Amino acid sequence: QDKLKIGMTFQELNNPYFVSMQEALNEAAASLGADVVVTDAGHDVAKQISDVEDMLQQNIDILLLNPTDSAGIEAAVHAAKAAGVTVVAVDANANGPVDTFVGSKNRDAGYMSCKYLGEALEGKGEVAILDGIPVVPILQRVEGCKAALEEFPEITLVDTQNGRQDRSVALGVVENMIQSKPNLAGIFSVNDGGAMGALAAIQGSGKDIKLTSVDGAPEAVQAIAAGGPFIETTAQFPRDQVRVGLAMALAQKWGARVVPKEVPIDVMVVDAENAAEFSW
Amino acid sequence: MLELKGIRKSFGKIEVLHGVDMEVRAGEVHALLGENGAGKSTLMKILCGIIQPSEGTIRIEGTERHFADYDQAIAAGVGIVFQEFSLIPYLDAVENMFLAREIRGRFGTLDRKAMRARAAEIMRQLAVDVALDVPVHRLSVAEQQFVEIAKALSLNARILVLDEPTATLTPSEVEHLFKVMRELRRQGVAIIFISHHLEEIFEICDRITVLRDGEFIASCAVPDVDNDRLVEMMVGRRIENNFPPKPAPSTASVVVEVEEVQLKKGGPVSRFSLRKGEILGFAGLVGSGRTETVLAMLGAYPAARCKVKVDGVEKRFRGPDEGLAHGIGLLPESRKEQGLITSFSILQNVSLNNYGKYRKNHWFIDLKKELAATETAMAQVRVKAQGPHARVDTLSGGNQQKVVIARWLNHDMQVLIFDEPTRGIDVGAKAEIYALMREFTAKGGAIIMISSELPEVIGMSDRVCVFRSGGIVATVEGDQIDSETIMTHATTGRVEHVA
Amino acid sequence: MSHDANTGSAGKTGGFSLGRLLHSPLALPLIGLITVSVLMGLASDNFFSLNNIMNVLRQVSVVGILAVGMSFVILTGGIDLSVGAVMALVGTLSAGMMVNMGLPAPVALLVGLLIGLGIGLANGVLVAWGRMPAIIVTLATMGMARGLGLIYSGGYPISGIPSWISWFGVGRVGVVPVPVIVMVLIYAVAWVLLQRTAFGRHVYALGGNETAARLSGVKTQRVKLAVYGISGLTSALAAVILTGRLMSGQPNAGQGFELDAIAAVVLGGTAISGGRGLILGTLIGAVLLGILNNGLNLMGINPYLQDVIKGAIILLAIYIGREWR
Amino acid sequence: MSHDANTGSAGKTGGFSLGRLLHSPLALPLIGLITVSVLMGLASDNFFSLNNIMNVLRQVSVVGILAVGMSFVILTGGIDLSVGAVMALVGTLSAGMMVNMGLPAPVALLVGLLIGLGIGLANGVLVAWGRMPAIIVTLATMGMARGLGLIYSGGYPISGIPSWISWFGVGRVGVVPVPVIVMVLIYAVAWVLLQRTAFGRHVYALGGNETAARLSGVKTQRVKLAVYGISGLTSALAAVILTGRLMSGQPNAGQGFELDAIAAVVLGGTAISGGRGLILGTLIGAVLLGILNNGLNLMGINPYLQDVIKGAIILLAIYIGREWR
Ligand SMILES: Nc1ncnc2c1ncn2[C@@H]1O[C@H](COP(=O)(O)OP(=O)(O)OP(=O)(O)O)[C@@H](O)[C@H]1O
Ligand SMILES: Nc1ncnc2c1ncn2[C@@H]1O[C@H](COP(=O)(O)OP(=O)(O)OP(=O)(O)O)[C@@H](O)[C@H]1O
Ligand SMILES: [Mg+2]
Ligand SMILES: [Mg+2]
């Protein structure tokens with residue numbers, strides 16, 4: 001009866017990044033003999049709050065929270081804390097009395113990708129950003145990217161469009177981008193989902209445009225290993241985020257009083273050289 | 001009281017009213033006559049502000065009036081019962097009657113009690129018993145007609161237009177209506193009455209105005225004309241004998257045998273058979289179940305029991321499409337709701353269920369053949385329209401009805417079920433349609449004709465089934481077919497329940 | 001069949017009796033609700049706890065309020081796809097007025113309500129006087145409202161609003177959550193409007209037969225204006241609750257809520273073609289949807305599978321209820 | 001006004017003439033298309049390049065194909081919200097059959113088409129024989145198809161399909177992209193079906209007056225079955241193109257495409273209530289939407305602002321065209 005019950009709420013579950021997180025969670029929980037409840041908010045904070053409320057009805061002990069929106073989810077954090085649940089934010093932080101936040105250094109990720117892109121372009125040329133859904137991690141990546149691009153005085157940012165992190169949307173958007181910016185030399189996509197669409201568009205146009213991205217999704221790594229326009233993705237470690245997050249929560253449950261408030265997980269450049277060995 | 005002068009109206013480039021004058025006095029029933037498409041309804045809609053005239057003036061009690069919409073006309077004391085229904089199907093009779101003129105109680109909320117009382121009073125005046133709390137789409141066509149009339153009466157109009165109110169009523173109900181009209185006349189209301197039943201004109205009207213093709217023909221007092229003269233004014237020619245002669249009693253084989261049909265559990269069970277080459281009339285009061293019986297036969301109405309044999313083989317139809325496959329066609333009683341695709345052209349309406357006839361390469365429609373066949377059919381029933389491509393919603397009521405008739409006469413059916421086929425059709429065209437019906441039976445076809453017009457039932461039917469409260473109470477043939485026998489069975493005769 | 005069985009529009013509700021209820025258009029939605037509840041209760045222990053019931057109702061409140069305006073619109077035979085986007089825009093703008101422009105919160109909320117009403121009225125003008133199809137008008141305003149919210153906020157959610165506003169989202173009066181009380185009040189007002197005023201009759205009349213209603217003297221354009229205005233207003237009211245729940249203005253919130261609101265209305269027995277239906281049915285429909293979400297979560301069903309099961313149950317509920325429509 | 005000006009259903013197209021065109025229901029969509037094109041051309045140099053025109057058409061192809069099935073459904077007075085989800089499901093399953101089950105690609109694609117058709121027919125059965133409102137049926141199947149696709153793929157996209165399949169997405173015949181050719185062929189077939197066969201007339205009749213069509217012997221249920229089947233099939237055909245473009249099966253592709261397809265149909269002059277409209281109008285509507293997306297992208301407009309402008313232009317186009325409806 002006193003089986004540990006872990007709840008995890010995802011901002012979305014139709015993205016390999018979060019799916020692999022879920023897999024790691026299931027493995028870890030199985031090894032602990034704990035029950036797992038998982039919900040998918042589909043990018044809707046209101047639904048995510050409801051999901052958390054429902055989990056609290058099920059008497060979870062640990063809440064792993066992957067918030068769709070940091071501010072919007074606050075009410076759920078309060079509710080969970082009020083119910084005596086340990087709350088760990090994963091991948092993106094949440095407002096309110098979160099016990100620990102485990103997440104990638106998103107700004108670094110954007111910075112590293114665009115630094116790589118700038119160097120690959122030998123410091124000059126026109127580049128564009130393929131933006132995504134406006135949530136904090138994505139906005140931080142764009143911020144980091146812009147910071148990196150500013151270090152290259154001869155690189156100009158000529159276009160920013162929103163591919164909604166969706167392969168089919170990104171495909172159309174990048175096709176249009178290529179039409180309107182014939183001299184485009186590089187594209188930074190905020191995640192691999194959008195990047196795969198951009199890759200298809202670049203290949204379709206037959207132009208020499210270099211592409212970098214963030215995530216390290218299997219498909220993206222494969223494409224990078226194969227060579228071609230997709231030259232780099234700054235990998236995050238979704239499985240490790242969950243593992244570390246769960247560990248933090250357990251530590252607290254066991255009585256640890258000095259669990260770190262924030263555990264930033266490093267990101268790593270994956271390019272043609274190391275792609276073959278990399279996987280989440 | 002009311003004076004219309006030089007009214008002209010064009011739809012697009014086509015002028016349908018060419019300067020019509022009309023004068024109506026207080027306390028009279030004034031008949032407005034004319035063939036289908038003559039412009040009667042259009043003129044009345046102009047009077048009520050529903051459509052605007054291209055030219056001409058309306059004077060009421062000497063002052064010139066312009067009505068931008070029906071509301072303004074109502075405010076000026078003008079009310080109308082439309083030729084096509086204008087009820088809200090899911091609201092009940094009370095709500096329909098007081099729509100947009102609700103009686104409000106305290107706090108501005110509805111005073112349903114007051115409205116219901118007033119509605120009941122009007123219905124009492126009309127001497128009809130219509131359920132007031134039932135959504136009107138569940139009432140029979142005739143009951144709906146009374147709701148329409150009651151709605152117009154509730155306006156307390158000084159000028160009341162009745163556009164073919166009797167087309168859907170049986171004689172006894174027409175009597176009720178006339179009684180009310182006489183009472184209104186006594187109170188000084190001016191009534192404009194449109195009907196294609198000339199005997200009604202002589203019974204109730206004081207004066208008449210005749211239109212032909214949008215032209216004003218004449219205005220005169222009723223006693224100054226007789227039936228033939230009236231027809232001649234309307235049609236511009238004489239019409240000989242209305243009904244074609246009946247053939248000798250048929251001994252041909254039975255095409256459709258309805259062994260039993262029971263509309264409601266525990267209700268009466270009816271049976272009838274239909275022979276090749278005959279016209280079987282269905283008579284009865286409104287709501288006596290004639291429509292439901294034929295619909296049940298085709299599987300379009302959920303009956304408790306229904307057993308049908310076609311050419312001696314038992315059939316269970318699940319819908320009109322299966323009837324069609326066996327050569328049985330249905331002309332429904334309400335053309336606008338059940339008969340026509342109003343956004344379609346005449347051509348498309350006529351060929352709607354008949355594409356087997358015009359095929360090219362098996363799959364495709366032969367547009368040329370379709371056009372030719374439609375033109376023939378239109379000429380047969382004398383549809384007055386700009387051409388086969390005219391949308392049916394631009395046609396006059398009677399012409400719309402003719403389009404539905406043309407659909408079936410253009411189709412090689414062995415059985416046609418005609419529910420109120422001549423509803424709203426002018427005298428000239430009626431004769432034509434009767435002749436076509438006889439032509440059809442002469443070729444071996446059979447017709448079931450539901451009609452609330454007694455003369456039509458008597459003049460056309462070889463045999464008549466009389467309905468009362470949901471079932472057939474008697475079948476009369478030959479010399480027995482007269483109005484007295486039929487009305488007796490329809491109203492008082494003993495109901496024999498068949499187990 | 002009894003006389004007023006099928007009315008749906010009349011809603012004669014003088015005195016309750018079981019027989020009467022069984023013949024009312026509410027019967028089927030209610031049966032659906034009870035069946036699903038019992039199933040959920042069997043499958044999950046926590047389901048019938050008072051706590052969880054209040055939890056479900058609170059979760060239902062936002063879509064439930066949106067569905068009120070949607071009911072008015074659908075009863076006239078229209079549709080309003082903009083409700084979710086308008087809610088998000090109003091929430092974002094209200095939060096922005098408090099945080100960035102320093103307006104007092106009550107003023108900001110009030111202006112938010114007016115903005116919602118205004119957008120609704122704009123929809124109404126386009127549908128009524130512009131004679132454009134509602135589905136396209138509101139599809140366009142949906143896109144525009146979304147875009148405006150994102151432009152205003154730069155894509156970031158707006159947080160830092162006064163903490164008392166959370167009362168609208170998480171407060172309680174006794175055991176009953178505030179959003180539930182707000183929702184019930186809105187339904188009560190809607191019921192009076194629809195069943196006890198001339199305006200309500202005109203809404204039904206419009207959906208039943210617009211031409212006939214116009215010919216009878218119903219000011220059809222004004223009625224349309226009003227129903228879209230009401231829908232905009234309820235969207236804005238939903239925004240207040242949502243802002244209280246999220247404690248921030250979320251330009252991305254409420255995506256797909258329009259479909260949930262439509263589903264609630266239709267599950268509640270209202271004909272999608274207009275003219276027939278009861279506002280109480282909509283409430284039942286909204287709760288039914290909420291229970292589905294909650295119950296499937298409580299049972300710990302795989303989120304992907306939840307969509308499939310939810311779809312199947314909705315189909316089943318509508319299938320059983322179809323005779324009443 | 002000429003005789004068949006307003007029919008919309010008749011589509012008498014024997015010989016072209018300007019006067020005739022001006023009175024046809026295609027006139028307004030065409031004027032909208034030309035106006036928007038000219039505006040975009042003025043604002044962006046690249047717009048009128050052959051390259052970009054082909055680019056726009058290629059982008060339009062997926063929604064354009066979905067809109068064909070949607071036209072059939074809307075002409076009967078129905079609606080199909082499941083098109084985007086069915087497309088994603090079919091794409092995912094086809095890719096899965098190739099990659100995980102090792103089926104030969106042509107077989108997998110064919111099975112995919114059959115699955116699409118099957119889901120469409122299931123929608124049709126529920127609408128026609130189940131007598132349930134189309135908007136709810138297809139809303140439910142939309143959720144179910146999405147869920148099934150995610151369950152099957154576990155949320156991952158499925159890649160590793162044979163490379164020749166990209167021909168459907170990016171191949172060309174001369175200068176014309178293959179997806180554009182496929183789209184045009186589908187429109188041609190649809191045109192023949194609607195204008196030259198009895199089935200087509202029955203589709204229009206159903207939308208015009210279902211009761212009248214049924215009572216006159218049209219097999220209304222079969223017609224409904226057929227139109228939803230067609231919609232399922234065109235969704236599956238769109239899936240083939242999309243798979244070729246994305247070179248993978250994407251369980252979450254095509255979200256919101258149902259609304260784009262509906263917008264294309266209505267922008268093309270088809271009445272949302274059914275009975276009136278031309279399939280060529282739908283093509284024009286789809287291209288108009290594509291041009292809006294493309295042109296606003298080419299001009300480098302802020303993506304948030306694009307939604308607002310798109311909404312405004314759609315409203316304007318429908319407003320100008322409303323007389324024709
Ligand atoms: N909206 C319209 N557009 C074009 N023509 C119309 C329109 N309405 C009526 N018409 C034409 O006007 C003429 C007169 O029609 P109207 O309905 O007034 O005839 P009516 O005398 O009432 O005939 P009926 O006895 O058949 O009811 C007809 O030829 C009809 O086709
Ligand atoms: N949809 C319906 N549901 C329940 N009752 C109905 C419905 N339609 C009609 N009725 C009832 O059935 C009875 C018979 O209808 P109806 O008046 O159409 O028969 P009828 O003999 O064909 O009369 P008529 O042809 O003169 O109108 C009426 O009492 C009517 O109230
Ligand atoms: Mg008339
Ligand atoms: Mg009848």
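Cut-off values and rules
- Residues numbered from 1 in each chain as written.
- Chains lettered and ligands numbered in written order.
- Predicted model: local features only at pLDDT ≥ 70, side-chain atom pairs only at ≥ 80, totals over all residues.
- Heavy atoms only, no water.
- UniProt positions renumbered as here; feature names shortened; annotations may be inferred.
- Donors = N, O, S within 2.8 Å, 3.2 Å for Na, K, Ca; no water.
- Helix = DSSP H or I, 4+ residues; strand = E, 2+ residues; numbered from the N terminus.
- Buried < 20%, exposed > 50% of the residue type's maximum accessible area, 1.4 Å probe, protein only.
- Near = heavy atom within 4 Å.
- Polar contact = N/O pair within 3.5 Å; in protein donor to acceptor, adjacent residues only side chain to side chain.
- Areas by Shrake-Rupley, 256 points an atom, 1.4 Å probe, with all protein chains shown as cover.
- Nonpolar A, V, L, I, M, F, W, Y, C, P; charged D, E, K, R; others polar.
- Domains from an automatic or database assignment.
- Pairing = 2+ DSSP bridges.
- Axes fitted to C-alpha atoms, helices over the stretch in contact; angles between N-to-C directions.

- Going by what an unreviewed UniProt entry lists, chain B is known as Monosaccharide ABC transporter ATP-binding protein (CUT2 family) and is assigned to Paracoccus versutus.
- Regarding chain B, the UniProt comment filed under Subcellular location (unreviewed entry) reads as follows: "Cell membrane".

### Side note on the coordination of the magnesium ion (ligand 4)
Residues and elements named next belong to chain B.
- Within the first shell, the magnesium ion (ligand 4) binds the protein through Thr291 (OG1) and Glu333 (OE), at distances of 1.8 to 2.3 Å. Linking threonine 291 in helix H9 (residues 290-297) with glutamate 333 in the loop between strand S16 (328-331) and helix H11 (335-339), this pair joins segments that are 42 residues apart in sequence. Neither threonine 291 nor glutamate 333 differs from the other in exposure class; each is buried.

### Some words on the site of ligand 2
Residues and elements named next belong to chain B.
- Within the structure, ligand 2 sits among 13 residues, and Ser140, Gly289, Arg290, Thr291 and Glu292 are positioned closest to it.
- At 3.1 Å, a backbone N or O of serine 288 approaches an oxygen atom of ligand 2.
- When ligand 2 is considered free in solution it has 620 Å² of accessible area, and contact with the protein chains removes 74% of it.
- Ranked by residue count, the leading element in the shell around ligand 2 is H9, at three residues.
- Residue composition of the shell around ligand 2, grouped by class: one nonpolar, six polar and six charged.
- In this structure, the shell around ligand 2 is formed jointly by two domains, domain 1 (2-235) and domain 2 (254-492), each of which donates at least three residues.

### Quick notes on the sheet that holds strand S5 (residues 63-65) of chain B
All names here are of chain B.
- In space, the four strands of this open sheet follow the order S2-S1-S4-S5, with antiparallel pairing throughout. On the outer flanks of this sheet lie strand S2 (14-24) and S5, each paired with one strand and no other. Strand-to-strand, the axes of this sheet are offset by a mean angle of 30 degrees, without reference to chain direction.
- Sheet analysis places strand S1 (residues 2-11) next to S2, joined by eight bridges and oriented antiparallel. Bridging across to S2, lysine 9 finds its partner in leucine 17.

### Concerning helix H12 (residues 257-267) of chain D
All names here are of chain D.
- Most of H12 is tucked away, with nine of its eleven residues classed as buried.
- Here H12 has its buried residues at Phe257, Glu258, Ala261, Ile262, Ala263, Ala264, Val265, Val266 and Leu267.
- Where H12 terminates, the next one or two residues include glycine 269, which has phi positive at roughly 95 degrees.

### Observations regarding the UniProt feature "domain: ABC transporter" (unreviewed entry) in chain B
- In the numbering used here, UniProt assigns the feature "domain: ABC transporter" (unreviewed entry) to residues 2-238 and 249-494 of chain B.
- Between the C-alpha atoms that bound residues 2-238 of chain B there is a distance of 32 Å. The span itself is 33% helix and 26% strand.

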